[in-house]
Amino acid sequence: MSFLRTVLNDSVIIRPPGFYIIGFQSFPYISVYFIFLAFVYVVTVLFNCLVICVIAFNHRLHTPKFLAVVNLAVIDVFLNTCTIPSMIKIFLIKDNFIPFNLCLVQMFFYYVFGTLESYALAVLAYDRLIAICFPLRQNSVNTLRSMSCIVGLTWSFALGVTAFTTGIITRLSFCNSLRVFSYFCDYAPVFRLACNDYTMQWFAASFLTVLLLGGPFIFILLSYVTILVTVFRMKSLDSRVKALATCVEHIILVAVFYIPLLVIFMIGFYLRLIDPDQRVLSLSLASCLPPCINPIVYSLKTKEIKVRVLAFVRKKKLAHKLHANKKKLEDKLEVNETQQ
């Protein structure tokens, strides 16, 4: 095996041609799982694109809340695109090799959009916090401009942090095993293959996991504590119910995204009771399902989106019906002309 050797800080860095992804090699019924993943990916793309189009083409939905929803939908599409097509490719072509540079690209984009997914849920929590706790100041505080700035900052932060963490992988030498036990070019399984010191990479992974997942999750919890305090101070029961009803879809999204990750992390890291194969399967499901479920939840639970989706479907049906009737009429006229 030939290696590309580069000199960095007076030390020889050994870069391999690539890695082998081996996360699902011993998993039974793997074909059924990949068929399921293909279905998840199709649903993810279709429903998220539907949500994006419905919001983009309806000026009434051009509000801070739905800007945050569109942001989440865009992130969902890219997050599943980073992993599911490559997983299906490995299954169909039986080629689990990924070149070194492509590995870094996949790693970068997966963690960018994974980070953005976490922060997008925090942005939605901020929107609910302002709407319920500061209703009189909502239009002045939570504007399209301020929401655009918040979303832009989260993207800039995620891109910058992930570029740093991915970049320091290039300072590692890989001179032994090149088998990555995961479902994609995962950060921790890759740096643990290095044959030189990876303390900096380990510290970056540990610290940023807390910062990028724990930080938004704590903000969401504190937001809902504040929301609950505000809601229970309301005198009217109807006002309480209406205020809490606006949070239902967001609470579902938070539960779907964070609970599986926290459970897998606690069981695997502290209790060490989870089988490695089961851990890879659980992590892949925890990563791929939320982007599929998010648009369905918002389509069904958010009245504004549901009404406009139904109106869009009815409009398409009416257009199809009119086109069919027009074609029938043209056929009849053509038959009459032929008979004459």
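Reading the values: the criteria
Residues numbered from 1 in each chain as written. Predicted model: local features only at pLDDT ≥ 70, side-chain atom pairs only at ≥ 80, totals over all residues. Heavy atoms only, no water. Helix = DSSP H or I, 4+ residues; strand = E, 2+ residues; numbered from the N terminus. Contact = heavy atoms within 4.5 Å. Areas by Shrake-Rupley, 256 points an atom, 1.4 Å probe, with all protein chains shown as cover. Buried < 20%, exposed > 50% of the residue type's maximum accessible area, 1.4 Å probe, protein only. Pairing = 2+ DSSP bridges. Core = buried A, V, L, I, M, F, W, Y, C linked by side-chain atoms within 4.5 Å. pLDDT = per-residue confidence, 0-100. Polar contact = N/O pair within 3.5 Å; in protein donor to acceptor, adjacent residues only side chain to side chain. Axes fitted to C-alpha atoms, helices over the stretch in contact; angles between N-to-C directions. Parallel < 35°, antiparallel > 145°, perpendicular 65-115°, else oblique. Left-handed = near helix turned anticlockwise from the far one by under 90°. Nonpolar A, V, L, I, M, F, W, Y, C, P; charged D, E, K, R; others polar. Phe/Tyr/Trp six-rings, centres within 6.5 Å; stacked < 30°, edge-to-face > 60°. Salt bridge = Lys/Arg side-chain N within 4 Å of Asp/Glu carboxyl O. Expected span 1.5 Å × (residues − 1). Bend = angle between axes of the 7 residues up to and from the residue.

A. The arrangement of the overall build of the protein chain in detail. The number of helices and strands found in the protein chain is eleven helices and five strands. Put simply, of all contacts in the protein chain between residues at least 6 apart along the chain, 76% involve residues at least 24 apart. Accessible surface, the protein chain as shown: approximately 19200 Å² in total, 68% of it carbon and sulfur.

B. Examining the environment of Ala131 more closely. Within the secondary structure, Ala131 is located in helix H3 (residues 100–133). A relative accessible area of 16% means that Ala131 is categorised as buried. In the structure, Ala131 is positioned 112 residues away from Ala243 in sequence and 8.9 Å away in space, judged by C-alpha atoms.

C. Molecular detail of the pairing of strand S3 (residues 18–21). Alignment of S3 against strand S4 (residues 97–99), held across three bridges, turns out to be antiparallel. The partner of Phe19 across the bridge, within S4, is Ile98. In terms of strand pairing, S3 meets strand S5 (residues 179–180) through two bridges, oriented parallel. Bridge pairing in S5 places Ile21 opposite Val180.

D. Highlighting the nonpolar core. If you look at the biggest cluster of nonpolar residues, it comprises 62 residues, and the most contacted ones within it are Phe24, Tyr183, Ile220 and Ile227. Of all the secondary structure elements, the ones that give two or more residues to this core are helix H1 (30–56), helix H2 (64–93), H3, helix H5 (144–167), helix H7 (199–232), helix H9 (248–271) and helix H10 (276–301). Counting residues in each nonpolar core, the second largest holds 21 residues, with Met107, Phe174, Leu178 and Phe191 among its members.

E. Summary view of the confidence of the model for the protein chain. Overall, the prediction assigns the protein chain a mean pLDDT of 84, with 83% of residues at 70 or greater. Of all the helices and strands in the protein chain, strand S1 (residues 4–8) carries the lowest mean pLDDT, 42, while H5 carries the highest, 95.

F. How the structure looks around the side chain of Asp186. Tracing the sequence through the fold places Asp186 in the loop between S5 and helix H6 (187–191). Only 3.4 Å separates the side chain of Asp186 from the side chain of Ser182, close enough to count as a polar contact.

G. Expanded view of the packing of H7 against helix H8 (residues 237–245). At their nearest, the axes of H7 and H8 sit 9 Å apart, and the two run at 160° to each other. In terms of orientation, H7 and H8 fall into the roughly antiparallel class. Between H7 and H8 lies a crossing whose hand is right-handed. Residue-level inspection shows Leu228, Val231 and Phe232 of H7 in contact with H8, the latter providing Arg240, Ala243 and Leu244. Across the contact of H7 with H8, the residue classes break down as five nonpolar, no polar and one charged.

H. Looking closely at the sheet that holds S3. With mixed pairing, three strands are arranged side by side in an open sheet as S4-S3-S5. Two strands in the sheet have a free side with no partner beyond their single neighbour: S4 and S5. Helix-sheet contacts for H3 involve S3 and S4, and the interaxial angle to S4 is about 90°.

I. Up close: the packing of aromatic side chains. One pass over the structure, following the stated rule, counts 22 aromatic pairs. Relative to Tyr187, the ring of Tyr111 has its centre 6.3 Å away and its plane inclined at 75°; by these criteria the two rings are edge-to-face. Of this pair, Tyr111 sits in helix H3 while Tyr187 sits in helix H6; the two residues are 76 residues apart in sequence, bridging distant segments of the chain. Residue classification places Tyr111 among the partly exposed positions, given a relative accessible area of 27%. Aromatic side chains Tyr187 and Phe191 sit 5.5 Å apart centroid to centroid with 75° between the ring planes, which places their arrangement in the edge-to-face category. With Tyr187 and Phe191 both in helix H6, this residue pair falls four residues apart, about one helical turn.

J. Up close: the pattern of salt bridges. Taken as a whole and assessed by the stated rule, the structure comprises two salt bridges. Glu249 is the partner of Lys65 in a salt bridge, and the nearest nitrogen-oxygen pair spans 3.6 Å. Of this pair, Lys65 sits in helix H2 while Glu249 sits in helix H9, and the two are 184 residues apart along the sequence. Taking relative accessible area as the criterion, Lys65 reaches 13% and is therefore assigned buried. Of the residues examined, Glu249 reaches a relative accessible area of 4% and is grouped as buried. Here Asp127 ties to Arg128 by a salt bridge, and the two come within 2.8 Å at their closest N and O atoms.

K. Spatial organisation of the side chain of Thr165. Looking at where Thr165 falls in the secondary structure, it is placed in helix H5. Engagement of the side chain of Thr165 in a polar contact is seen with the backbone oxygen of Thr162, the distance being 3.0 Å. Filtering out sequence-adjacent residues up to four positions away, Thr165 remains in contact with Tyr187, Ala204 and Leu208.

L. Region of interest: H7. Taking 1.5 Å as the rise per residue, H7 with 34 residues should run 50 Å; its terminal C-alpha atoms sit 48 Å apart, in good agreement. Where H7 bends most, the angle comes to about 35°, and this point is Gly214, followed within four residues by the proline Pro216. Within the sequence span of H7, burial applies to Gln201, Ala204, Ala205, Leu208, Leu212, Pro216, Ile220, Ser223, Tyr224, Ile227 and Val231.

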